[in-house]
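# Summary of structural features
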Amino acid sequence: MSYTKEELEAMAEKEQTTFWGYLGCELVELTEEQVELRLPLVKHHLNGMGIVHGGVISSLLDNAMGIIAGSTRKGVPMVTSNMNVHFVAPLIGDEARAIGRVLHGSHKTLTCYAEVLDLRGQVCAIATGTFRALRTP
């Protein structure tokens, strides 16, 4: 079950008033296999060293995994129950991309993977997360 273009546009509009909108996240592509997000980087995303703050990166990873989890279980609210993040390179530049995929699913949980890349395609952070259904269909 995938979302229609109209459903995705309605969700994106609704999310603009949430933390997603405050960060400036944009949905680039959502397929049954993966999601791609884009984040234009601005000054408030940086830490004191001039690189993207780890909290911003973690939020981008969580959003990517959460979207693909929610898309996989359309109509079932999925929440993050665990997330492990590895920062592997500083994120510098004008834009970040995040790719999220589902690795494994059971009746009530999904295990997901995401990575954040810079404009050159260098992986800056990776994460795995467990997402739990709030209710089952």
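Refer to the structure presented above.
In this text the structure is predicted, and so the values were computed from the model without any measurement.

As a further point, take the overall build of the protein chain. Along the backbone of the protein chain there are 3 helices and 6 strands. If you list the helices and strands of the protein chain from N to C, you get α-α-β-β-α-β-β-β-β. By the compact-globule yardstick of 14 Å for 137 residues, the protein chain fits well, its C-alpha radius of gyration being 15 Å. Considered along the principal axes of its C-alpha atoms, the protein chain spans approximately 45 × 30 × 25 Å. Taking all 137 residues of the protein chain together, the buried fraction comes to 36%. Residue pairs in contact within the protein chain that sit at least 24 positions apart in sequence constitute 62% of those at least 6 positions apart. Total accessible area computed for the protein chain in this model is approximately 7,600 Å², and 55% of it derives from carbon and sulfur atoms.

Of all hydrophobic cores here, the largest spans 32 residues; its most connected members are L39, L60, L91 and V116. Broken down by element, the residue count for this core peaks at 8 residues, all from helix α3 (residues 54-72). Residues in contact with L91, not counting those within four places in the same chain, are L41, I51, V52, I57, A96, V116, L117, D118 and C124.

Turning our attention to the pairing of strand β4 (residues 95-105). Sheet analysis places strand β2 (residues 34-40) next to β4, joined by 7 bridges and oriented antiparallel. When the sheet's bridge partners are listed, V35 is paired in β4 with G100. Across 8 bridges, the pairing between β4 and strand β5 (residues 109-117) is antiparallel. Looking across to β5, one finds that I99 is bridged to E115.

As enumerated under the stated definition, the model contains 4 salt bridges in all. Of the charged contacts in the structure, one is a salt bridge between E26 and R38, with a shortest N-O distance of 2.6 Å. With E26 in strand β1 (residues 26-30) and R38 in strand β2, this residue pair connects regions lying 12 residues apart in the sequence. We classify E26 as partly exposed; its relative accessible area is 34%. For R38, a relative accessible area of 25% puts it in the partly exposed group. Here R38 ties to E95 by a salt bridge, and the two come within 2.8 Å at their closest N and O atoms. Here R38, found in strand β2, pairs with E95, found in strand β4; they are 57 residues apart in sequence, far enough to count as distant. Overall, the relative accessible area of 16% leaves E95 in the buried class. Salt bridges here are not isolated pairs; linked through shared partners, they connect E26, R38 and E95.

Rules used throughout
- Residues numbered from 1 in each chain as written.
- Predicted model: local features only at pLDDT ≥ 70, side-chain atom pairs only at ≥ 80, totals over all residues.
- Heavy atoms only, no water.
- Helix = DSSP H or I, 4+ residues; strand = E, 2+ residues; numbered from the N terminus.
- Rg over C-alpha atoms; globule rule 2.2 N^0.38 Å.
- Buried < 20%, exposed > 50% of the residue type's maximum accessible area, 1.4 Å probe, protein only.
- Contact = heavy atoms within 4.5 Å.
- Areas by Shrake-Rupley, 256 points an atom, 1.4 Å probe, with all protein chains shown as cover.
- Core = buried A, V, L, I, M, F, W, Y, C linked by side-chain atoms within 4.5 Å.
- Pairing = 2+ DSSP bridges.
- Salt bridge = Lys/Arg side-chain N within 4 Å of Asp/Glu carboxyl O.

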